[in-house]
Amino acid sequence: MNGEPIRKIVIVGGGTAGWMAAAATSRIMGAFPGLTIELVESEAIGTVGVGEATIPQIISFNMMLGIDEAEFVRETRATYKLGIEFVDWLRIGHSYVHPFGSYGIDMLGIDFHHFWLRGQRAGLDMPLDEFSISAMAGKAGRFIHPRKDQPNSPLARMAYAFQFDAGRYARFLRNRAEAQGVIRTEGRITEVLQDGETGFVTGVRLEDGKIVEGDLFLDCSGFRSLLLGQTLGVGFTDWSKWLPCDRAIAVPCSLAGDNEPLTRSTAQPAGWQWRIPLQHRIGNGHVYSSAHMEDAEAEDILHAGLDGTPLAEPNRIRFTAGHRDRIWEKNVIALGLSGGFLEPLESTAIHLVQSGIARLMILFPSRAFNPKEIERFNRDTFADYLDIRDFLVLHYKATERDDSEFWRYCRNLPPPDGLADKLEMFRSSGRIIREHNELFTEASWLAVMVGQGVEPSGYHPAAALLDEDETRRRLSHIRQTVAHAVSQMPTQDEYLAGIGGAI
Ligand code: FAD
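Residues numbered from 1 in each chain as written. Predicted model: local features only at pLDDT ≥ 70, side-chain atom pairs only at ≥ 80, totals over all residues.

## Quick look at the UniProt feature "active site" (unreviewed entry) in the chain
Right, on to step 1. Following the UniProt record, the feature "active site" (unreviewed entry) maps to K81 here.
Right, on to step 2. Here K81 shows up in strand 3 (residues 79-81).
Right, on to step 3. Beyond its immediate sequence surroundings of up to four residues, K81 is in contact with A53, T54, Y160, A161, F162, Q163, P261, L262 and T263. (UniProt positions renumbered as here; feature names shortened; annotations may be inferred. Helix = DSSP H or I, 4+ residues; strand = E, 2+ residues; numbered from the N terminus. Contact = placed C-beta atoms within 7 Å.)

Written out as C-alpha cells, the structure is:
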C-alpha cells in the first residue's frame, strides 16, 4: 500500500523514551526531505525519574547513534554492568549472578552446560558462576572491554551494559537530538485533537493554546499514556496475577565502600530491592506488592537496606504489570511506559523502548498507515512482552522461600504455559528451549534456572562421550582460565579513571 510520506513526527514526552526516540529518529530519518520532528514535554509534570540499569543491547543503540562511549560514560556518570546479583531469591543467605555473555566453551558441538551438569552429577563442586567471565569479574569489582584481539581468551567473551543517571541520560540524548534538528517544545498538553471521521490524532493543544500538529505521534507520555490509553481508549492486558508487585519506592544514597560492576537485587518479604551503583551515587528502590505489604513498612525496609546516606526524598511509584492491548493504534505508537511495564527485575524496559524504535524504523509508515504493518508491529511487540514476562515469573516461581504470604503465593502459582514447557524440558534433560529469537539467551535461562534451584535429572547424551576424568580436567582448565583472565583486569574504578570518570 503506497501513500504520501510522513511530513511530521510528534513525540509526546521527554523522558528516557521520548529522548531515545527523538535521538534515533532524527539520526536515521533526519535526511528525509521535508520531515520535521518535534518533541513536546512538560517540566512541571517531570519524568518517572528511575530506570538506570540496562542490558547489553544498549551498546548497539549507542553505536547506531554514533555515540562516543567514553563521553557517554562521563556525561551520564555511568558505571559498567556485567550482570545482576540475586541475593536471597532462592533462600535467605543464598546468592547467584545472572551474568551477561556465555559460560565456558561449547564442546563436541553441544552446549557447555551439559558438561557442567555431568560434572555436577559426578560430584564436582564447581559453581556455575566460576565459568562466566562476566560473573567472576563482576564479583571481583573488575572490568575491561571485550578483547576481540584475543579470540581464544575468555576476555573475548566479556559482555557488558551500563548503569547510568536517568536524568543525565535524557539530557545527553536531548543535546544530540536537538543538534540533529529536533524541535523541543515546552508545555503541558491539555487536549489531544482527533479527526472527526477516522479518529486519527491530528495534534495536541498546550496550556498556552498553541497547537502542535503532526502525521505520526509517538506516545512517550509515561504511565499516563495520554494518546494511546486516554485518547484512543486502548485497553490494558493486566498481568498482575503473574507479577503481583505493583508499587515501587526509590531513593538515591551516597556511595559507600566498593562498587562492583553489577546491579544487585535482594529479595524481600513482599518483593525485592534494587541497588544500582553509579559514579556519583547509588540508586536504590524497593519493588513490592501492596496486597502483601503496607507502604510504610516497604519504606522502612528500603531505608534499612541503604549503604549510604539518603540524598533525596523517596519517589513513590504505582504500576500494574502488563501492556496495552495495541501498542500501535491508528497513527499513534507507544514507546516506554505508555505502552506497558514489567517490573525492572531484569532491566528490560529501556530495551523495549529501543526495540520499539528499531521496529518502527523497519516498518516506518506512509500516511496510508498499512494495517498489515501495524499488525506486524503489535504482534512482534507482544511476543517481546510475553518472553520477558515468563523470564521474570521464573524468578518468583522457582524458589524455596515460603517465609511470607507473598512467597507462598508466588511459588504456588501455576506457571504460564511457555514457562511450564521450559521448566519441564530443563528438569528432564537439561535442555533449554527458545521458541524464536527471544531476548534472553540460553545462558540467561541457565543462570536463573540453576540460580533458582531448578535441578535437571539428566543432560545431553553426548556429554557422556567424555569420561569423568576428562570432564573434570576440562572443567578445571576452563575455570582456571577464567580466574586467570579476571586477575589480569583492572578494577572498575581504575578503568573509569582511565577514561576520565571517577568513583
Ligand atoms: P516518563 O519518564 O514518565 O516520561 C513521560 C514524559 O511525558 C515526561 O517528559 C512528561 O513530562 C511527559 N508528559 C506526560 N504528560 C504530559 C502532558 N500532559 N503534557 C506534556 N508532557 C507530558 N527500565 C530499565 O530499563 N531499567 C531499570 O532499571 C528500570 N527501573 C525502573 C524502576 C521503576 C520503579 C520503574 C517504574 C521503571 C523502571 N524502568 C527501568 C523503566 C524506565 O524507567 C522507563 O522505561 C523509562 O524511564 C522510560 O519512561 P518514559 O519516558 O516512558 O516515561
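Let's pick the thread back up.
## Remarks on the nonpolar core
Right, on to step 1. Membership of the largest hydrophobic core comes to 138 residues, with the highest contact counts inside it found for I11, V12, M20, A21, A22, L218 and L335.
Right, on to step 2. It is helix 10 (residues 371-397) that provides the largest number of residues to this core, a total of 8 residues.
Right, on to step 3. When sequence neighbours within four positions are dropped, the list of residues in contact with A21 reads I11, L218, C220, L335 and I357. (Core = buried A, V, L, I, M, F, W, Y, C linked by C-beta atoms within 7 Å. Buried ≥ 20, exposed ≤ 12 C-beta atoms within 10 Å, placed from the backbone.)

## Side note on the sheet that holds strand 10 (residues 211-213)
Right, on to step 1. One open sheet accounts for 3 strands, arranged 8-9-10; its pairing is antiparallel. The open sheet has two edge strands, strand 8 (189-194) and strand 10, and neither has a second partner. Ignoring strand direction, the axes of neighbouring strands in this sheet form an average angle of 25°.
Right, on to step 2. Note that strand 9 (residues 201-206) and strand 10 share 3 bridges and pair antiparallel. When the bridges of strand 10 are listed, G203 appears paired with E213. (Pairing = 2+ DSSP bridges. Axes fitted to C-alpha atoms, helices over the stretch in contact; angles between N-to-C directions.)

## A few points about unusual backbone geometry
Right, on to step 1. A positive phi is found at S225, a non-glycine position, where the angle reads about 45°.
Right, on to step 2. Position of S225 relative to the elements: it lies in the loop between strand 11 (216-219) and helix 7 (226-231).
Right, on to step 3. Its 22 C-beta neighbours within 10 Å are what place S225 among the buried residues.
Right, on to step 4. We note that K330 has phi near 55°; this positive angle belongs to a residue other than glycine.
Right, on to step 5. With respect to the helices, strands and loops of the structure, K330 is situated in the loop between strand 19 (328-329) and strand 20 (332-334).
Right, on to step 6. Given 20 C-beta atoms within 10 Å, K330 falls into the buried group.

## Comments concerning the site of the ligand
Right, on to step 1. Lining the immediate environment of the ligand, one finds 39 residues, of which G13, G15, G51, G222 and G336 sit closest.
Right, on to step 2. Every element with two or more residues in the shell around the ligand is listed here: helix 1 (16-29), strand 2 (36-41), strand 13 (247-253) and helix 9 (349-362). (Near = placed C-beta within 6 Å.)

## Quick look at the sheet that holds strand 18 (residues 322-324)
Right, on to step 1. Pairing in this open sheet of 3 strands is antiparallel, and the strands run 12-18-21 from one edge to the other. The strands lining the two open edges of the sheet, one partner per strand, are strand 12 (236-238) and strand 21 (340-341).
Right, on to step 2. By the bridge criterion, 3 bridges tie strand 12 to strand 18 in an arrangement that is antiparallel. By the bridge assignment for strand 18, F236 is matched with R324.

## Points about the packing of helix 5 (residues 133-140) against helix 14 (residues 468-487)
Right, on to step 1. Two elements in contact, helix 5 and helix 14, have axes separated by 9 Å at closest approach and are oriented at 45°. One way to sum up the angle between helix 5 and helix 14 is to call them oblique. In terms of crossing hand, the pair formed by helix 5 and helix 14 is right-handed. From helix 5, I133, M136, A137 and A140 reach across to helix 14, where they touch V482, A483, A485 and V486.
Right, on to step 2. Class assignment of the residues belonging to the contact of helix 5 with helix 14 gives a composition of 8 nonpolar, no polar and no charged. (Parallel < 35°, antiparallel > 145°, perpendicular 65-115°, else oblique. Left-handed = near helix turned anticlockwise from the far one by under 90°. Nonpolar A, V, L, I, M, F, W, Y, C, P; charged D, E, K, R; others polar.)

## Quick notes on the UniProt feature "binding site: L-tryptophan" (unreviewed entry) in the chain
Right, on to step 1. Per the UniProt record, "binding site: L-tryptophan" (unreviewed entry) is found at E346.
Right, on to step 2. Its location among the elements puts E346 in the loop between strand 21 and helix 9.
Right, on to step 3. Taking the C-beta count within 10 Å as the criterion, E346 has 23 such neighbours and is therefore assigned buried.
Right, on to step 4. Aside from chain neighbours lying at most four places away, what touches E346 is I84, F391 and L392.

## Considering helix 13 (residues 442-451)
Right, on to step 1. When you tally the buried positions in helix 13, you get 9 out of 10 residues, the bulk of the element.
Right, on to step 2. Immediately downstream of helix 13, the backbone of G453 shows phi near 85°, a positive value.

## Description of the pairing of strand 8
If a strand is regular, its side chains alternate between the two faces of the sheet.
Right, on to step 1. Pairing geometry for strand 8 and strand 9, over 5 bridges, is antiparallel. Each residue of the ladder has a partner; that of I189, found in strand 9, is L206.

## Considering helix 6 (residues 166-179)
In an α-helix, one full turn covers 3.6 residues, which means residues spaced three or four apart are oriented alike.
Right, on to step 1. When the terminal C-alpha atoms of helix 6 are compared, their 20 Å separation across 14 residues agrees well with the 20 Å that a helix rising 1.5 Å per residue should span.
Right, on to step 2. Inspection of helix 6 places A166, Y169, A170, F172, L173 and A177 among the buried residues, and these make up the whole buried set. Angular distribution of buried residues about the axis of helix 6 spans 160°; they occupy a single face of the element. Seen from the open side of helix 6, the exposed residues pointing more than 90 degrees away from its buried face are N175 and A179.
Right, on to step 3. Packed against the buried residues of helix 6 are helix 1 and helix 3 (69-75). (Expected span 1.5 Å × (residues − 1). Arc of directions from axis to C-beta.)

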